[in-house]
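Breakdown of the fold
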Amino acid sequence: AQKITQTQPGMFVQEKEAVTLDCTYDTSDQSYGLFWYKQPSSGEMIFLIYQGSYDEQNATEGRYSLNFQKARKSANLVISASQLGDSAMYFCAMREVSYSGAGSYQLTFGKGTKLSVIP
Amino acid sequence: DGGITQSPKYLFRKEGQNVTLSCEQNLNHDAMYWYRQDPGQGLRLIYYSQIVNDFQKGDIAEGYSVSREKKESFPLTVTSAQKNPTAFYLCASSIPDRGVNTEAFFGQGTRLTVV
């Protein structure tokens, strides 16, 4: 079973509108971290926002916020006031304890959502 | 400026050849990673290293090899045993791999094409 599921291969949003990118995850751990990364066409991965499993408040970073619903195992990214520069691939990722490889903390990625912002 | 440098940006390989992708970081991070990205597949972990002279296989290690002789460097060799090496390769690093809240920092990537 996939650990991170992003069900939207592609999304369109009008400039200045808000958009929600979906992410659901699967883990039996109590302690885990959820991350969102942005990948522009140039290829580098840019860290956007982090949510810990014990954090009671939803994370926010500027125009980015994370709608964390623990019982539903979802961690949706909300981008407010979209800009043309937001057009990119967006990846949801989870870090949890891996009990192979000497107990390291593995980062697992979803398949991504391609966001296109329309002027 | 601190960061992760991958080179080259584009690499072409003939079938049957080994090639080495470079990854250097000056962030003083202990943990380093190699990911492979194929269209529609997201990122998949090839190898990771938590400290110098130690590394572990990830989910798709077959046909790849790594070394970690220095903290700053984590080169990836794509061997002739890798059946489908054409992909985008990303190197990443993070602070000591102690918790679930450690984000990973990425390089610009290397696009490998087999010709």
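One can find the structure itself at the top, above this paragraph.
Read on for a plain summary of the structure. Given the structure is predicted, the values throughout are model-derived calculations rather than measurements. (Residues numbered from 1 in each chain as written. Chains lettered and ligands numbered in written order. Predicted model: local features only at pLDDT ≥ 70, side-chain atom pairs only at ≥ 80, totals over all residues. Heavy atoms only, no water.)

Let us now look at the overall build of chain B. What chain B contains, in helices and strands, is zero helices and eleven strands. Each helix (α) and strand (β) of chain B, taken in turn from the N terminus, gives the series β-β-β-β-β-β-β-β-β-β-β. Computed over C-alpha atoms, the radius of gyration of chain B comes to 13 Å, within 12% of the 13 Å expected from 2.2 N^0.38 for 115 residues, which places it in the range of a compact globule. Sorting the 115 residues of chain B into buried and exposed places 50% on the buried side. Nonlocal contacts in chain B, meaning residues at least 24 apart in sequence, comprise 53% of its contacts between residues at least 6 apart. Put simply, chain B shows about 5600 Å² of open surface, and 46% of that area lies on carbon and sulfur atoms. Computed over 12 positive and 12 negative side-chain charges, the inter-centroid distance for chain B is 6 Å. (Helix = DSSP H or I, 4+ residues; strand = E, 2+ residues; numbered from the N terminus. Rg over C-alpha atoms; globule rule 2.2 N^0.38 Å. Buried < 20%, exposed > 50% of the residue type's maximum accessible area, 1.4 Å probe, protein only. Contact = heavy atoms within 4.5 Å. Areas by Shrake-Rupley, 256 points an atom, 1.4 Å probe, with all protein chains shown as cover. Lys, Arg positive; Asp, Glu negative; His and termini not counted. Charge placed at Lys NZ, Arg CZ, Asp CG, Glu CD.)

The next subject is the sheet that holds strand β1 (residues 4–7) of chain B. Residue and element names in this part refer to chain B. Read across the open sheet, the four strands follow the order β1-β3-β8-β7; overall the sheet is antiparallel. The sheet terminates laterally at β1 and β7 (64–66), the two strands that pair on one side only. The average undirected angle you get between the axes of adjacent strands in this sheet is 20 degrees. Judged from the four bridges that link them, β1 and strand β3 (residues 19–25) form a sheet pairing that is antiparallel. Bridging from a neighbouring strand, I4 pairs with Q25 of β3. (Pairing = 2+ DSSP bridges. Axes fitted to C-alpha atoms, helices over the stretch in contact; angles between N-to-C directions.)

This part takes up the pairing of strand β5 (residues 42–51) of chain B. All names here are of chain B. Most of β5 sits inside the fold, with eight of its ten residues counted as buried. Linking strand β4 (residues 31–38) back to β5 in an antiparallel pair, the connection comprises three residues, with G40 at a positive phi of about 75 degrees. Two strands pair when backbone bridges link them, and β5 and strand β6 (residues 54–57) are joined in this way by three bridges, in the antiparallel orientation. Looking at the pairing, Y47 lines up with K57 of β6. Connecting β5 to the antiparallel partner β6 that follows it, the hairpin turn spans two residues, and N53 within it adopts a positive phi of roughly 65 degrees.

What follows is about the interface of chain B and chain A. For interface size, the figure often reported is the accessible area lost on association. Every contact between the two is made by 25 residues of chain B and, on the other side, 25 residues of chain A. With both sides pooled, the region where chain B packs onto chain A buries about 2000 Å², and carbon together with sulfur makes up 52% of that total. Counting across the chain B and chain A interface gives zero salt bridges. Run the count over chain B and chain A and you get three residue pairs in polar contact (both at pLDDT 80 or more). Residue assignment for the side of chain B that touches chain A shows that the elements contributing at least two residues are β4, β5 and β9 (87–94) of chain B. Broken down by element, the side of chain B that touches chain A gets its largest block of residues, five residues, from β5(B). Across the side of chain B that touches chain A, the residue classes tally to ten nonpolar, twelve polar and three charged. (Buried area = accessible area lost by both parts, 1.4 Å probe. Salt bridge = Lys/Arg side-chain N within 4 Å of Asp/Glu carboxyl O. Polar contact = N/O pair within 3.5 Å; in protein donor to acceptor, adjacent residues only side chain to side chain. Nonpolar A, V, L, I, M, F, W, Y, C, P; charged D, E, K, R; others polar.)

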